[in-house]
Amino acid sequence: MRATTIHAPFDMRVSDVPEPIVQLPTDAVVRVLRACICGSDLWAYRGEAARQPGQRIGHEFLGVVEETGSDVGTLRRGDLVVAPFMWSDGTCEYCAEGLTTSCVHGGFWGSVGYDGGQGEAVRVPFADGTLVKLPKDAASDDHLLTGLLTLSDVLGTGHHAALGAGARPGATVAVVGDGAVGLCAVLAAKRLGAERIIALGRHEARTDIARRFGATDVVAARGEEAVAAVRELTGGQGAHAVVEAVGTEQSMSTAVNITRDGGAIGFVGVPHGSGTGLDLSVMFDRNIALRGGVAPVRTYIPELLPDVLNGTVDPSPVFDMTVDIEGVPDGYRAMDERTALKVLVTNG
């Protein structure tokens with residue numbers, strides 16, 4: 001089959017690799033219909049996250065079950081399924097608590113020796129615990145499939161951030177970051193009933209999506225200028241709930257400085273760089289809470305799925321470029337150059 005492999009910084013290739021097979025009784029093989037490129041994939045692309053030459057990549061996909069191991073009980077051949085960005089057994093103590101990203105048997109797609117989502121098929125460990133079945137008729141609805149794909153990562157991650165920040169009815173929410181996750185955090189905050197949503201971003205095409213998703217205000221600034229603008233919009237107090245969806249020292253510092261006393265920050269931006277942007281004395285003095293981390297999207301999918309199916313939530317606009325499997329390297333270049341927000345990968 002064909003699959004995306006990474007060989008060096010900025011060297012993405014689509015290569016011939018062995019077809020996946022069931023190796024363990026708990027496995028399933030999924031034929032990928034839709035995948036995508038994540039902003040976090042760019043750290044490997046740019047050489048800022050180590051990868052072995054020829055390693056697979058991609059962690060967001062949905063598709064059709066092609067084969068199941070003898071112990072798989074909830075799935076059968078032909079089922080349409082979505083995969084969260086980590087596999088999990090669904091039975092350990094962490095999974096029982098909803099923290100599937102800490103599963104004792106869990107792992108990431110594209111890890112050494114495992115398939116990545118940006119390929120034609122994937123061997124799925126612990127299929128019963130990992131995969132979520134979708135309505136079969138969704139396979140014939142391209143728009144719906146695109147929305148359902150966001151359940152694998154960005155929609156659930158935006159939801160995780162909004163929950164961590166304490167988005168709720170009547171609250172003012174500010175979102176730092178205009179990538180796909182930040183935009184989905186706007187959508188999540190709206191879904192959770194936030195009264196006012198301030199999107200921080202400098203790219204008009206992206207902030208237009210933020211407004212479409214429910215942002216009431218846009219701040220097209222960074223650093224101290226952004227802090228001053230948010231403070232002005234909130235009567236000097238800041239936002240009750242702040243999402244940090246970038247992962248840099250500056251973005252976290254901005255998040256802290258626009259949070260209202262007694263408020264909270266939900267952070268889901270993958271940290272990169274040596275600084276944190278956190279001043280614990282400031283957070284202590286102002287009673288600011290910090291919650292977040294790797295989003296347990298497998299836990300959130302059952303809650304979010306009905307709203308995507310009925311159209312109450314439509315995250316599909318985060319995809320603004322589509323390629324087939326052979327075009328994945330072009331998709332990476334487009335996202336790296338910021339000419340694309342998020343790239344959809346289609347297989348058939």
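In this report, the structure presented in the accompanying data block is examined. In this text, all values refer to a predicted model and were calculated from it rather than measured experimentally.

1. Points about the overall build of the chain
Step number 1: Helix and strand content of the chain: 12 helices and 18 strands.
Step number 2: Its C-alpha atoms give the chain a radius of gyration of 20 Å, within 12% of the compact-globule value 20 Å for 348 residues.
Step number 3: Taken along its principal axes, the extent of the C-alpha atoms in the chain is 60 × 40 × 35 Å.
Step number 4: Expressed as a percentage of its 348 residues, the buried residues of the chain come to 57%.
Step number 5: Summarising the internal contacts of the chain: among those between residues at least 6 apart in sequence, 70% fall at separations of at least 24.
Step number 6: The positive charge centre, built from 29 side chains, and the negative charge centre, built from 43, are 2 Å apart in the chain.

2. Structural notes on the pairing of strand E17 (residues 321–324)
Step number 1: Pairing geometry for E17 and strand E18 (residues 343–346), over 4 bridges, is parallel. Of the residues in E18, the one forming a bridge with valine 323 is valine 345.
Step number 2: Where the polypeptide runs from E17 across helix H12 (residues 328–336) and back to E18, its parallel neighbour, the crossover connection is right-handed.

3. Considering helix H11 (residues 297–309)
Step number 1: Here H11 is 13 residues long and its end C-alpha atoms lie 17 Å apart, about the 18 Å a rise of 1.5 Å per residue gives.
Step number 2: The largest bend along H11 measures about 45 degrees and falls at glutamate 303, with the proline proline 306 one to four residues further on.
Step number 3: Residues of H11 that are buried sit in contact with strand E6 (80–83), helix H3 (127–130), strand E10 (132–134), helix H4 (142–149), helix H5 (154–165) and helix H6 (180–191).
Step number 4: Two residues or fewer after H11 comes glycine 311, characterised by a positive phi angle close to 85 degrees.

4. Concerning the packing of aromatic side chains
Step number 1: Taken as a whole, this structure holds 6 aromatic pairs when the rule is applied.
Step number 2: Aromatic pair phenylalanine 61 and tryptophan 109: ring centres 5.2 Å apart, planes at 75 degrees, arrangement edge-to-face. Taken together, the positions of phenylalanine 61 in strand E5 (residues 61–68) and tryptophan 109 in the loop between strand E8 (107–108) and strand E9 (121–124) put the pair 48 residues apart, joining distant regions of the chain. The same class applies to phenylalanine 61 as to tryptophan 109, namely buried.

5. Digging into the layout of surface pockets
Step number 1: Estimates place the volume of the second largest pocket at around 150 Å³.
Step number 2: In terms of lining residues, the second largest pocket is bounded by 13 residues, among which Gly247, Met252, Phe267, Pro271 and Thr276 are the most central.
Step number 3: Broken down by class, the residue content of the lining of the second largest pocket amounts to 5 nonpolar, 7 polar and 1 charged.

6. With respect to the side chain of arginine 298
Step number 1: Tracing the chain through its elements places arginine 298 in helix H11.
Step number 2: Despite its burial, arginine 298 pairs with no opposite charge; the closest candidate is aspartate 128, at 8.6 Å N-O.
Step number 3: Look past the residues within four positions of arginine 298 in its chain and what remains in contact with it is Pro84, Ser88, Thr100, Asp128, Gly129, Thr130, Leu131 and Val132.

7. Remarks on the sheet that holds strand E12 (residues 196–200)
Step number 1: On the basis of which strands lie adjacent, the open sheet formed by 6 strands has the order E13-E12-E11-E14-E15-E16 and parallel pairing. Two strands bound the open sheet, and with one partner strand each, they are strand E13 (217–219) and strand E16 (289–292). Adjacent strand axes in the sheet meet at a mean angle of 20 degrees, parallel and antiparallel pairs treated alike.
Step number 2: Pairing geometry for strand E15 (residues 259–267) and E16, over 4 bridges, is parallel. Bridge assignment links alanine 264 to a residue of E16, and that residue is alanine 289.

8. Examining the sheet that holds strand E1 (residues 2–8)
Step number 1: With antiparallel pairing, 3 strands are arranged side by side in an open sheet as E2-E1-E4. The outermost strands of the open sheet, each flanked by one partner alone, are strand E2 (11–16) and strand E4 (55–56).
Step number 2: Here E1 pairs with E4 via 2 bridges, running antiparallel. Considered in E4, the bridge of isoleucine 6 is made with glutamine 55.

9. A closer look at the packing of helix H8 (residues 223–233) against helix H9 (residues 249–257)
Step number 1: Interaxial distance between H8 and H9 falls to 10 Å at its minimum, and their mutual angle equals 25 degrees. Between H8 and H9, the interaxial angle falls into the category roughly parallel. Regarding H8 and H9, the two cross each other, and that crossing is right-handed. For the pair H8 and H9, the contacting residues are Gly223, Val227 and Arg231 in the first and Gln250, Thr254 and Asn257 in the second.
Step number 2: Looking at the contact of H8 with H9 residue by residue, the classes come out as 1 nonpolar, 4 polar and 1 charged.

What counts, and where the lines are drawn
- Residues numbered from 1 in each chain as written.
- Predicted model: local features only at pLDDT ≥ 70, side-chain atom pairs only at ≥ 80, totals over all residues.
- Heavy atoms only, no water.
- Helix = DSSP H or I, 4+ residues; strand = E, 2+ residues; numbered from the N terminus.
- Rg over C-alpha atoms; globule rule 2.2 N^0.38 Å.
- Buried < 20%, exposed > 50% of the residue type's maximum accessible area, 1.4 Å probe, protein only.
- Contact = heavy atoms within 4.5 Å.
- Lys, Arg positive; Asp, Glu negative; His and termini not counted.
- Charge placed at Lys NZ, Arg CZ, Asp CG, Glu CD.
- Pairing = 2+ DSSP bridges.
- Right-handed = clockwise from strand over helix to strand, strands pointing away.
- Expected span 1.5 Å × (residues − 1).
- Bend = angle between axes of the 7 residues up to and from the residue.
- Phe/Tyr/Trp six-rings, centres within 6.5 Å; stacked < 30°, edge-to-face > 60°.
- 1 Å grid on protein atoms, 1.4 Å probe; cavity = no way out; pocket = protein on both sides within 12 Å on 5 of 7 lines; lining within 4 Å.
- Points joined across faces, edges and corners; volume = space filled by probe spheres on them.
- Nonpolar A, V, L, I, M, F, W, Y, C, P; charged D, E, K, R; others polar.
- Salt bridge = Lys/Arg side-chain N within 4 Å of Asp/Glu carboxyl O.
- Axes fitted to C-alpha atoms, helices over the stretch in contact; angles between N-to-C directions.
- Parallel < 35°, antiparallel > 145°, perpendicular 65-115°, else oblique.
- Left-handed = near helix turned anticlockwise from the far one by under 90°.

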